[in-house]
Amino acid sequence: MLYDYLWRHPPRWHRSAVLEELLTDRASERLKVVGGIARWMMNFSAPIGRSSEMIRRRSTTGWSTGSCGTTGSGSITNAGVPNVADAYTPLSHPAKSDIIVMPYTDTEIQIGIEIFYNFIFKEDKTMEKLKILFITPETFAKAEGYTKEDIAFIGFPSLSAAVIGALTPDFAEFTAIDEAVDPLETEVMLDSVHADLVAISLNMSYKANRAMEIASALKSRGKIVVWGGVHVTSLYDHHRDRFDAEVAPYADAVVLGEAEEIWGKLLEDAVKGRLKKIYRAAIQPPALIWPVPAYGAVNTAPFLVKHSRQATRGCPLDCEFCSVTSFNGPTFRTYDPAKLGQGIRTTLNNVAKRQLTNIQQEIQSFFAFVDDNITFDRAYLSKLLAELIRIKQEFPYFTWGGQTTLYAIDKKVKYEGIELPVGELLKRSGCIAMFIGIESVSKESLAIANKNFNDVDKYPDQIKKFHDYGMMLNAGMVMGFDSDTPSVFDDTYEFLVKNRIEISLLNILVPLPGTDLYMRYAADGRIFDHNWENYDGRHVVYYPSRMTPEQLETGFLNLWKELYSLVTIAKRIVYPGQIVSAFKNLPRINKFEQIGSRIFMNLRYAKISARIRKTRQSASRDRFGKNVTFADILLERNERQTLNKKQLKGIRISSTVPTET
Ligand code: B12
Ligand code: SF4
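Residues numbered from 1 in each chain as written. Chains lettered and ligands numbered in written order. Predicted model: local features only at pLDDT ≥ 70, side-chain atom pairs only at ≥ 80, totals over all residues.

## A short note on the site of ligand 1
At step 1: Taken together, 41 residues lie near ligand 1, and Ser 201, Gly 228, Glu 258, Ala 259 and Gly 537 sit nearest.
At step 2: Elements with a contribution of two residues or more to the shell around ligand 1: α7 (159-167), β3 (197-201), β4 (224-228), α10 (230-238), α13 (324-328) and β16 (503-508).
At step 3: Take the shell around ligand 1: its biggest share by element is four residues, from α7.
At step 4: Here the shell around ligand 1 is composed, by residue class, of 22 nonpolar, 15 polar and four charged. (Near = placed C-beta within 6 Å. Helix = DSSP H or I, 4+ residues; strand = E, 2+ residues; numbered from the N terminus. Nonpolar A, V, L, I, M, F, W, Y, C, P; charged D, E, K, R; others polar.)

## Some remarks on helix α16 (residues 378-394)
At step 1: The first and last C-alpha atoms of α16 sit 24 Å apart over 17 residues, in line with the 24 Å expected at 1.5 Å per residue.
At step 2: Restricting attention to buried positions, one finds in α16 the residues Leu 381, Leu 384, Leu 385, Glu 387, Leu 388 and Ile 391. Considered in projection along α16, the buried side chains sweep an arc of 165° and stay on one side of the axis. Residues of α16 that are exposed and point over 90 degrees away from its buried face: Ala 379 and Gln 393.
At step 3: Looking at the buried residues of α16, the elements they touch are α14 (337-353), β11 (399-404), β12 (412-415) and α17 (422-428). (Expected span 1.5 Å × (residues − 1). Buried ≥ 20, exposed ≤ 12 C-beta atoms within 10 Å, placed from the backbone. Arc of directions from axis to C-beta. Contact = placed C-beta atoms within 7 Å.)

## Things to note about helix α22 (residues 549-563)
At step 1: In this model α22 runs 21 Å from its N-terminal to its C-terminal C-alpha over 15 residues, within 8% of the 21 Å that 1.5 Å per residue would give.
At step 2: Regarding α22, the residues found buried are Pro 549, Leu 552, Glu 553, Gly 555, Phe 556, Leu 557, Leu 559, Trp 560 and Leu 563.
At step 3: For α22, the secondary structure elements touched by its buried residues are β15 (472-479), α20 (487-498), β16, α23 (566-573) and α25 (590-617).

## A closer look at the sheet that holds strand β2 (residues 172-178)
At step 1: Pairing is parallel in the open sheet, where six strands are placed in the order β2-β1-β3-β4-β5-β6. With partners counted over all chains shown, the strands left at the sheet margins are β2 and β6 (278-280), one partner each. Strand-to-strand twist in this sheet, taken as the mean axis angle between neighbours without regard to direction, amounts to 20°.
At step 2: Across three bridges, β4 lies against strand β5 (residues 253-256) in parallel orientation. Across the sheet, the residue bridging to Trp 227 is Val 254, located in β5.
At step 3: Packed on one face of the sheet, α10 meets β4 and β5 and runs near 90° to β5. (Pairing = 2+ DSSP bridges. Axes fitted to C-alpha atoms, helices over the stretch in contact; angles between N-to-C directions.)

## Some words on the sheet that holds strand β7 (residues 307-309)
At step 1: Here we have six strands laid out as an open sheet, ordered β7-β10-β11-β14-β15-β16, and parallel in their pairing. Here the strands that pair on one side only, and so sit at the sheet edges, are β7 and β16. The mean angle between the axes of side-by-side strands here comes to 20°, regardless of whether they run parallel or antiparallel.
At step 2: Examined bridge by bridge, strand β10 (residues 366-369) and β11 share three bridges and lie parallel to one another. Across the sheet, Ala 368 pairs through a bridge with Gly 401, a residue of β11.

## Considerations on the environment of Lys 412
At step 1: Looking at where Lys 412 falls in the secondary structure, it is placed in strand β12.
At step 2: Taking the C-beta count within 10 Å as the criterion, Lys 412 has 15 such neighbours and is therefore assigned partly exposed.
At step 3: Separated by 11 residues in the primary sequence, Lys 412 and Gly 423 place their C-alpha atoms 8.3 Å from one another.
At step 4: Residue contacts for Lys 412: discarding those within four places in its chain leaves Glu 419, Leu 420, Pro 421 and Val 422.

## Describing the environment of Arg 242
At step 1: Structurally, Arg 242 can be placed in helix α11 (residues 240-246).
At step 2: Arg 242 sits in the partly exposed class, given 17 other C-beta atoms within 10 Å.
At step 3: Each C-alpha atom of the pair Arg 242 and Val 232 lies 9.8 Å from the other, and the pair is 10 residues apart in sequence.

## Some thoughts on the pairing of β4
At step 1: With four of five residues buried, β4 is to be regarded as a mostly interior element.
At step 2: Both β3 and β4 contribute to a ladder of five bridges, which runs parallel. When the bridges of β4 are listed, Ser 201 appears paired with Gly 228.
At step 3: For the crossover from β3 across helix α9 (residues 208-219) to β4, the handedness is right-handed. (Right-handed = clockwise from strand over helix to strand, strands pointing away.)

## Regarding the confidence of the model for the protein
At step 1: Model confidence for the protein is summarised by a mean pLDDT of 82, while 77% of its residues fall at 70 or above.
At step 2: This stretch, residues 25-36, has a pLDDT under 50; its non-local contacts, to residues over four places away or in other chains, come to 32 contacts.
At step 3: Segment residues 651-661 is flagged for pLDDT under 50; beyond a separation of four residues in sequence, or across chains, it makes 16 contacts in the model. (pLDDT = per-residue confidence, 0-100.)

## Points about the packing of α22 against α25
At step 1: Closest axis-to-axis distance for the α22/α25 pair is 9 Å, and the angle between their directions is 150°. Every pair of crossing elements has a handedness; the one defined by α22 and α25 is left-handed. Contacts between α22 and α25 involve Leu 557, Trp 560 and Lys 561 from the former and Ser 609, Ile 612, Arg 613 and Arg 616 from the latter. (Left-handed = near helix turned anticlockwise from the far one by under 90°.)

## Brief notes about the pairing of β12
At step 1: Of the pairings in the sheet, the one linking β12 to strand β13 (residues 418-421) comprises four bridges and is antiparallel in character. Residue Tyr 415 lies in a different strand from β13, and its bridge partner there is Ile 418.
At step 2: Two successive antiparallel strands, β12 and β13, enclose a turn made up of two residues, where Glu 416 displays a positive phi of approximately 50°.

## A short note on unusual backbone geometry
A negative phi angle is the norm for most residues apart from glycine, just as the trans form is the norm for most peptide bonds.
At step 1: One non-glycine residue with positive phi stands out, namely Arg 500, at about 50°.
At step 2: Within the element layout of this structure, Arg 500 appears in the loop between α20 and β16.
At step 3: At Asn 627, a position not held by glycine, the phi torsion is positive, near 55°.
At step 4: Along the chain, Asn 627 falls in the loop between α25 and α26 (630-636).

Quick look at the structure:
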């Protein structure tokens, strides 16, 4: 029986926190079980004695352990589950012994215990499963901008949901909905939520109001509500007053930071009815304990891009406006490429089994990597690309896209012992698109953003290299830095058209909570809009230095319109070189298909932009606050002479700004 269990349920590393707690739980009935497990482990590990050592340490917390093979207070049999002797069965089946965990280390010991723990919950038929609904909120409240169809086209299935799903122990039942494609629009829908516990994922600040709405609606319907994600963590760590007002009243519990070590423990507490308000892991979970995401728990059907993956977490570069370094940490954690590859192959094998047209095969074989900077650690990149190249050789339809920096294309990495250009290896591995945080075409703005590693002078050459290797670029551009004047819109337009950037995610600078940028702007008293809904990169929420908020927002919306006008789309996508190469490629029509799909994508952005402009026309101007520049505010405060160094870094004195007070 146990053998069967082990065979069907390979160890799940991530629950070690629950088990650690279980180990110290002296009062628990299950201590008896732990006693049994201990005996099992000791017998398994007789040659090394490492677990005995651990168990002896534990004995100070209440268990008595004897020599190898004996435990004091109880055994599996005492606890009412099959005799511990069953545990030996796998050893007598060497062919299947790959699922046996030999308890050489503390972690392995915990996994051993975990297997038993799952076993106990699994086999206890009287225990009703805890029903969990994981919700990714989305706001369509303002009825502007993105529609469900747009998000299904541009976004992809939530990896956060798949990860939390995988972390969920077997004593709970996990389902997930993403409001971006499945909004809980009506009271009837909210009434029909059949869950004991609702998990709300709040990574993006602009969804915070909607998260509060859902949380309060479901809490009033008697659900246990748990929050987690980047925004919630930022509020707790950096804006406690807002956490107390906007999260705490709507939450039974909150998970801070990455959840790998905590989720299981929280659910265990929920079952026992002793939920704590705050859960935070002691460390940023190493890649070794990241679970294989439960992709099946997420509805991928509405999304054009079906698969998201993550190979790394963290970013050491710490750009002033970005929350990644503060949330995921400055250390780059990397996931085993072989394990990642195994998962991708499984998915591709499933795709191959279906009866699909060529285009469907292509779409279904595309993977979006959510890593913030997948090329950063070149030693790791070398291994990752080697694995992806192997996959590309096995599955010719396989393609992928990710996020990187422009300078990455100038680098080389080792492949089969030889240093080769990153671009060449990206191409061979099936990379067809990259999102690049170009952010600005102004050196001053990049310096302010702590993003000097972007070299404006090298942009054209670096972009050309990406294009020459066949990769489409999606440029992240930001407007509203302290040195930006109204000329930023024309400069950005010219740059994007001249360099034929296929898609561009245009953003107004946002002081996201928890970032250095927020701290600086808040300290200077220049944030006038505190409504999170407007922290979406399409609204101005602070006083820019050298433009009024209205100038910034109008300039941004006009740029969006111009960039996605038919003439400009043609200039960027359908230029003569492209057409010639498409004809040269005949009779293969993939180049024409490529041009077609890029035009289609651009038209989608054109529609979004038109919708936003339409709603903004009737919006109140009150949202621009006093609608003055920050320089004007300083003048008003008579603080010009007190400008400190930090402010000077941002606000260059120029002819457009009076220098006398
Ligand atoms: C993928 C991604 C997207 C995808 C979203 C796809 C999707 N469905 O998820 C796309 C490309 C659409 C996107 C768009 C945007 N994004 Co984005 N995105 C990301 C990115 C790169 C990865 C997210 C991810 O999947 N991580 C992997 C998972 C496993 O990690 P995780 O989500 O953090 O989950 C862990 C913990 O947070 C926690 N957790 C999360 N939720 C929950 C819930 C519970 C209950 C619990 C217990 C735990 C928990 O446990 C998980 C496991 O450890 C992050 C950066 C990052 N590194 O997180 C930015 C990020 C989330 N995006 C960000 C932003 C700002 C945006 C945009 C608003 C940018 C813009 N101006 O256009 C747009 C919004 C688009 C729109 N609709 O208008 C910001 C949000 C910051 C903030 N405070 O608002 C981030 C953090 C990047 C940054 N610059 O700081 N994004
Ligand atoms: S913007 Fe990109 S490079 Fe900069 S800190 Fe964030 S993830 Fe890292």
